[in-house]
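Tertiary structure, described
Next come the chains, spelled out residue by residue.
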Amino acid sequence: MLPPPGFAIPPWAQLAAQWAVVPPPSTPHTTLGPCTLTMGHDDQEPDDLRPELETAVAGHDFGWDNESPPRAVSVAQFRASWRPVSNGEFLAYSRAAEGSVPLPPSWVLEGDEVCVRTLYGPVPMEVAQTWPVLTAYDDLAAYAASKGGRIPTEPELRLFLDTYQVGYEEGANAGFRNWHPLP
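Note that the structure is a prediction, hence the values are computed from the model and not measured.

Okay, the confidence of the model for the protein chain next. When pLDDT is averaged along the protein chain, the result is 83, and 79% of the positions lie at 70 or above. Counted against residues more than four places away or in other chains, residues 175-179, with its pLDDT under 50, gives eight contacts.

Of all hydrophobic cores here, the largest spans 19 residues; its most connected members are Trp12, Trp19, Phe90, Trp107, Val127 and Trp131. Breaking this core down by element, the ones donating at least two residues are α1 (12-20), α2 (87-96), β6 (113-116) and α3 (125-128). By residue number, the principal contributor to this core is α1, which donates four residues. Grouped together as the second largest cluster of nonpolar side chains are nine residues, Leu37, Val75, Phe78 and Phe160 included.

This paragraph deals with the pattern of salt bridges. Pairing is possible between side chains that carry opposite charge, provided their charged atoms lie close to one another. A full pass over the atoms with the stated rule returns three salt bridges. Between Glu89 and Arg83 there is a salt bridge; the shortest N-O distance is 2.8 Å. Note that Arg158 and Asp162 form a salt bridge whose closest N and O atoms lie 3.0 Å from each other. In this pair, Arg158 and Asp162 both sit in helix α5 (residues 154-163), four residues apart, roughly one turn of the helix.

Moving on to the packing of aromatic side chains. The tally for this structure, following the rule as stated, stands at 10 aromatic pairs. An aromatic cluster is present here, built from Trp12, Trp19, Tyr120 and Trp131 joined pairwise through their rings.

Here we come to the environment of Ala17. Secondary-structure assignment places Ala17 in helix α1. Separated by 110 residues in the primary sequence, Ala17 and Val127 place their C-alpha atoms 8.4 Å from one another.

Secondary-structure assignment places Ser94 in helix α2. Take Ser94: its relative accessible area is 8%, and that puts it in the buried class. Ser94 has contacts with Gly99, Val101 and Leu103, leaving out every residue within four places of it along the chain.

Quick look at α1 now. Burial in α1 covers these residues: Trp12, Leu15, Ala16 and Trp19. Mapping the buried residues of α1 onto a view down its axis gives an arc of 100°, with all of them on the same face. Those residues of α1 that are exposed and aimed more than 90 degrees away from the buried face are Ala13 and Gln14.

Turning our eyes to something else, we now look at helix α4 (residues 137-146). Residues Asp139, Tyr143 and Ala144 constitute the buried set of α4. Seen from one end, α4 has its buried residues packed into an arc of 135°, which puts them on one side. Seen from the buried face of α4, the exposed residues on the opposite side, beyond 90 degrees, are Tyr137, Asp138 and Ala145. Each element contacted by the buried residues of α4 is listed here: α2. Within two residues after α4, Gly148 carries a phi angle of roughly 85°, on the positive side.

Take the sheet that holds β6 next. What the three strands build is an open sheet, ordered β5-β6-β7; its pairing is antiparallel. The open sheet has two edge strands, β5 (107-110) and β7 (123-124), and neither has a second partner.

Turning our attention to the pairing of strand β4 (residues 78-81). Look at any regular strand and the pattern is simple: side chains alternate between the two faces of the sheet. Here β4 shows a buried face lined by Phe78 and Ala80 and an unburied face lined by Arg79 and Ser81. Taken together, the four bridges between strand β1 (residues 29-32) and β4 define a ladder with antiparallel strand orientation. For Thr31, the partnering residue across the bridge sits in β4 and is Arg79.

In this sheet, β6 lies alongside β5 in antiparallel orientation, the contact comprising four bridges. The residue of β6 that forms the bridge with Val108 is Cys115. What sits between the antiparallel neighbours β5 and β6 is a turn of two residues, in which Gly111 has the positive phi angle 70°.

Here is what the cut-offs are and how they apply
Going along each chain's sequence as written, the residues are numbered from 1 onward. Only residues with pLDDT of at least 70 are given local features in this predicted model, and only at 80 or more are side-chain atom pairs given and counted; all residues enter the totals for whole chains, interfaces and linings. Side-chain figures throughout are based on the complete set of non-hydrogen atoms in the structure, without hydrogens or water. How sure the predictor is of each residue is captured by pLDDT, a score from 0 to 100. A contact between two residues is defined here by any heavy atoms of the two lying within 4.5 Å. Only buried Ala, Val, Leu, Ile, Met, Phe, Trp, Tyr and Cys residues count toward a nonpolar core, and they belong to the same one when joined by side-chain atoms within 4.5 Å. With a 1.4 Å probe rolled over the protein chains alone, any residue whose accessible area is under 20% of its type maximum counts as buried; one over 50% counts as exposed, and the rest are partly exposed. The way it works is that DSSP assigns letters per residue, a run of H or I at least four long becomes a helix, a run of E at least two long becomes a strand, and they are numbered from the N terminus. Basic side-chain nitrogens of Lys or Arg form a salt bridge, by our definition, when they fall within 4 Å of a carboxyl oxygen of Asp or Glu. Centres within 6.5 Å make a pair out of two Phe, Tyr or Trp rings, where for Trp the six-membered ring is used; the pair is then stacked when the planes are under 30 degrees apart, edge-to-face when over 60, and tilted otherwise. Summarising the geometry, the arc corresponds to the directions from the helix axis toward the C-beta atoms. Here, a strand pair is defined by DSSP locating no fewer than two bridges between the strands.

And the structure:
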């Protein structure tokens, strides 16, 4: 992978120093539910072909086939961690498993050092240890089970994301709006 032309490599050491002073959540998790959640929306495929929607998309929901029609989903009470599993947490789990847990495909060994693959090349784990780990579902499920938990269901995750301000609009540094992590 090559970084986009004109973009400088982020100052990893300075960013890592800033991230290191961000305090962890005061509690490790939150409890949500029980509730009834509306999943999906009313997006009829023929409506997507209406000529007036070619230029006026405001107010029209677009969605995938499996997102229609809207439906009520019961969500039982559950606990969720405030943040995703970090590279550092997964590395500790992997090392404790003594080789029975494969390295995530998002990691690479540089000599004896574990690094995280990025658009800018491998980043040392001491910089990327607080980043969310990117790995296979089965490995994350095994990690969660080792901690006495599980991966949330889609309705549970939707409830969490709808309840707390975690989107870009609310200040989260996520998605494709930033080419590199910002504090």
